[in-house]
Amino acid sequence: MEKDKTAAGGKTPSDTSLNTQWKAVCGLLRAEIGEAAYQSWLKPMTVHEIVDGELRIFVPTRFMRDWIIAHYLDRLCELWADENAEVKSVNVYIQSERETETAPSRKKTSSGDAGSSRNGGSNNFRIDISAPLDHRYTFEQFVVGKPNEFAYAAARRIAEASKVVFNPLFLYGGVGLGKTHLMQAIAWHIRERTPERTVIYLSAEKFMYRFIRALREKNTVDFKEQFRSVDVLMIDDVQFISGKESTQEEFFHTFNSLVDQDRQIVLSADKSPSDLEGMEERLISRLNYGLVADIHATTYELRLGILYSKAEKMSVEIPQKILEFLAHKITANVRELEGGLNRVVAHAQLVGRDITLETTQDVLHDLLRANDRRVTIEEIQKRVSAHFNIRVSDMHSARRARSVARPRQVAMYLAKQLTARSLPEIGRKFGGRDHTTVMHAVKKVDELREQDSSFAEDVELLRRMLEG
Ligand code: ADP
Ligand code: MG
């Protein structure tokens, strides 16, 4: 392609050759991404100048900048490098930051150097405390089914509402079931619709880390200011701060101050507020105050739906029966399901062969075995009752006779050993018993195993049967 030499030295916003080149780049990208995306994302961009090989693009909002970086920066770099050899990297700036000369995301055209999104200007210091969002975690890419429809609806409601509807929204569920995905979907949605609102998303771990650093550096005032002046605060995995007293204290105050100002809070955890161990009562009751929505374990239908949706975006043909097999076998959570699918596809691409049931079983043998081994409390209760020849209902009953109390304790013990359930959760499955009862059972069975070798063998046998 003919390069216009005047562009090399030009570098002014009004430089016509730069504008001509930009039109050419836009034309190509427009053809690739379609009219709708072009209108939303490319049209509002303006190209200003080339400084030391860096092409500077300006956009009106932070959300647009993030979105363009996530979706189009790579392609923009390639196209620009083709169009103008002088361009070595492409940067996207927010219009309002022009004066403050902050260093925005940069992508080199030559290498695969990933763009970083740092913000230096004091006017955007808040974005700094927000973790970067994963561009795949949007509502569009979230597959809705029975187990997550309530959580999804609640998340959507929050994202679409212009004022606070329920506060906080507390999402909980086991690992890998989509809590982080839903939270970030809320953040994306709000940033897109109302970029002027400040949305902060971060993990509870980061929250604590920042708090501790502020304590050390003696600037807790700034810390408080930052958090207390946001519109939407989202903290992921709050179970992390259970047992961490001073972090809880700070969190509690931040929480209250935001609620009082009618700002939206969204939290997630792996357990319900009441099941979080080591959380202060007053914090629990505040958490329970809003809407608590749980994401249940996946069903076969949801798993299959998710696999369809992910397979569709891949460049490989995956037989229906393989997807069904995966949905059937990988039941633990969505993360493992995704991982399994990715492994099968990667393997097929590497060896250049079709995906068959045999290769799938082969490639995933460890994952399939781990999923086979997962046990539920119900299974444990059934097995243990059968073994000791009592009724399953005795697992829930209030009867305290040794003949039923002992097997019940064994079942509680095995539930603690073989499942990821917390003590309160286990207690609830045993006729609503207190977590201290479960704790006592675990201790008791441990003692008896020490003292009585035939009892120990019994327990061991049960464990092996359950683990299959
Ligand atoms: P959690 O935070 O609950 O541990 P994540 O949100 O990180 O789980 O989800 C794990 C992975 O599974 C992510 O890649 C996420 O995109 C995917 N995932 C979970 N649920 C769904 C769903 N309903 N539809 C599509 N993808 C999902
Ligand atoms: Mg998560």
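Everything quoted here is computed from the prediction, not taken from an experiment.

Novice: Any chance you could break down the site of ligand 1 for me, citing the residues and the numbers?
Specialist: Near ligand 1 lie 18 residues; those nearest to it are Val143, Gly176, Thr180, His181 and Glu338. Taking Tyr137, its side chain carries an N or O atom lying 3.3 Å from an oxygen atom of ligand 1. Between ligand 1 and His181, the relevant distance is 2.7 Å, taken from an oxygen atom to a side-chain nitrogen or oxygen of the residue. Starting from 560 Å² of accessible surface for ligand 1 in isolation, the protein chains cover 96%. Elements with a minimum of two residues in the shell around ligand 1: α8 (179–193), α13 (300–312) and α15 (334–351). For the shell around ligand 1, the residue count by class is seven nonpolar, seven polar and four charged.

Novice: Explain the nonpolar core to me, using residue names and the numbers behind them.
Specialist: Formed by 55 residues in total, the largest nonpolar core has its most connected members in Leu55, Leu76, Trp80, Leu169, Leu182, Ile186 and Met234. The element that contributes the greatest number of residues to this core is α8, accounting for seven residues. Looking at which domains feed residues into this core, each of domain 1 (15–121) and domain 2 (139–295) supplies at least three. For Leu182, the contacting residues outside a window of four places in its chain are Phe139, Phe142, Ala151, Tyr152, Ala155, Leu171 and Ile295. One finds Phe170, Phe255, Val259 and Leu283 within the second-largest nonpolar core, a separate group that totals 28 residues.

Novice: Explain the environment of Leu323 to me, and be specific about the residues and the numbers.
Specialist: If you trace the backbone, Leu323 turns up in helix α14 (residues 320–329). A C-alpha to C-alpha distance of 8.6 Å links Leu323 and Ala311, two positions twelve residues apart in sequence. Among residues more than four places away in sequence, those in contact with Leu323 are Leu304, Leu307, Tyr308, Ala311, Ile318 and Leu341.

Novice: Give a detailed account of the pairing of strand β7 (residues 232–236), specifying residues and quantitative values.
Specialist: Across the five residues that make up β7, a large majority, five, are buried. The two faces of β7 match: Val232, Met234 and Asp236 on one face and Leu233 and Ile235 on the other face are all buried. In terms of strand pairing, strand β6 (residues 199–203) meets β7 through five bridges, oriented parallel. By the bridge assignment for β7, Leu202 is matched with Ile235. When β7 meets strand β8 (residues 264–269), the two strands line up parallel, connected through four bridges. Considered in β8, the bridge of Met234 is made with Val266. With helix α11 (residues 245–260) bridging β7 and its parallel neighbour β8, the resulting β-α-β unit is right-handed.

Novice: Describe the environment of Ala161, with residues and values.
Specialist: Along the chain, Ala161 turns up in the loop between α7 (149–160) and β5 (169–173). Considered as a pair, Ala161 and Ile190 are 29 residues apart in the sequence and their alpha carbons are 9.2 Å apart.

Novice: Describe the sheet that holds β6, listing the residues and the values that go with them.
Specialist: In spatial order, the strands read β6-β7-β8-β5-β9; together these five strands make up an open sheet with parallel pairing. The two strands at the open ends of the sheet, each matched to only one other strand, are β6 and β9 (291–295). Each neighbouring strand pair of the sheet contributes to a mean axis angle of 15°, computed without reference to strand direction. Its contacts with the sheet put helix α9 (residues 204–216) on β6 and β7, and the angle it makes with β6 is roughly 95°.

Novice: Describe the pattern of salt bridges, listing the residues and the values that go with them.
Specialist: Under the defined criterion, the tally for this structure stands at 19 salt bridges. Note that Lys429 and Glu378 form a salt bridge whose closest N and O atoms lie 3.1 Å from each other. With a gap of 51 residues between them, Lys429 in helix α20 (residues 423–429) and Glu378 in helix α18 (residues 377–388) connect regions that are remote in the sequence. Given the relative accessible area of 40%, Glu378 is considered partly exposed. We note a salt bridge from Asp446 to Arg449, for which the minimum N-O separation is 2.9 Å. Of this pair, Asp446 and Arg449 both sit in helix α21 (residues 435–451), separated by three residues, roughly a single helical turn. The class for Arg449 is partly exposed, based on a relative accessible area of 28%. Through salt bridges with shared partners, a single network forms among Glu32, Arg75 and Glu78.

The rules behind each value
- Residues numbered from 1 in each chain as written.
- Chains lettered and ligands numbered in written order.
- Predicted model: local features only at pLDDT ≥ 70, side-chain atom pairs only at ≥ 80, totals over all residues.
- Heavy atoms only, no water.
- Near = heavy atom within 4 Å.
- Polar contact = N/O pair within 3.5 Å; in protein donor to acceptor, adjacent residues only side chain to side chain.
- Areas by Shrake-Rupley, 256 points an atom, 1.4 Å probe, with all protein chains shown as cover.
- Helix = DSSP H or I, 4+ residues; strand = E, 2+ residues; numbered from the N terminus.
- Nonpolar A, V, L, I, M, F, W, Y, C, P; charged D, E, K, R; others polar.
- Core = buried A, V, L, I, M, F, W, Y, C linked by side-chain atoms within 4.5 Å.
- Buried < 20%, exposed > 50% of the residue type's maximum accessible area, 1.4 Å probe, protein only.
- Domains from an automatic or database assignment.
- Contact = heavy atoms within 4.5 Å.
- Pairing = 2+ DSSP bridges.
- Right-handed = clockwise from strand over helix to strand, strands pointing away.
- Axes fitted to C-alpha atoms, helices over the stretch in contact; angles between N-to-C directions.
- Salt bridge = Lys/Arg side-chain N within 4 Å of Asp/Glu carboxyl O.

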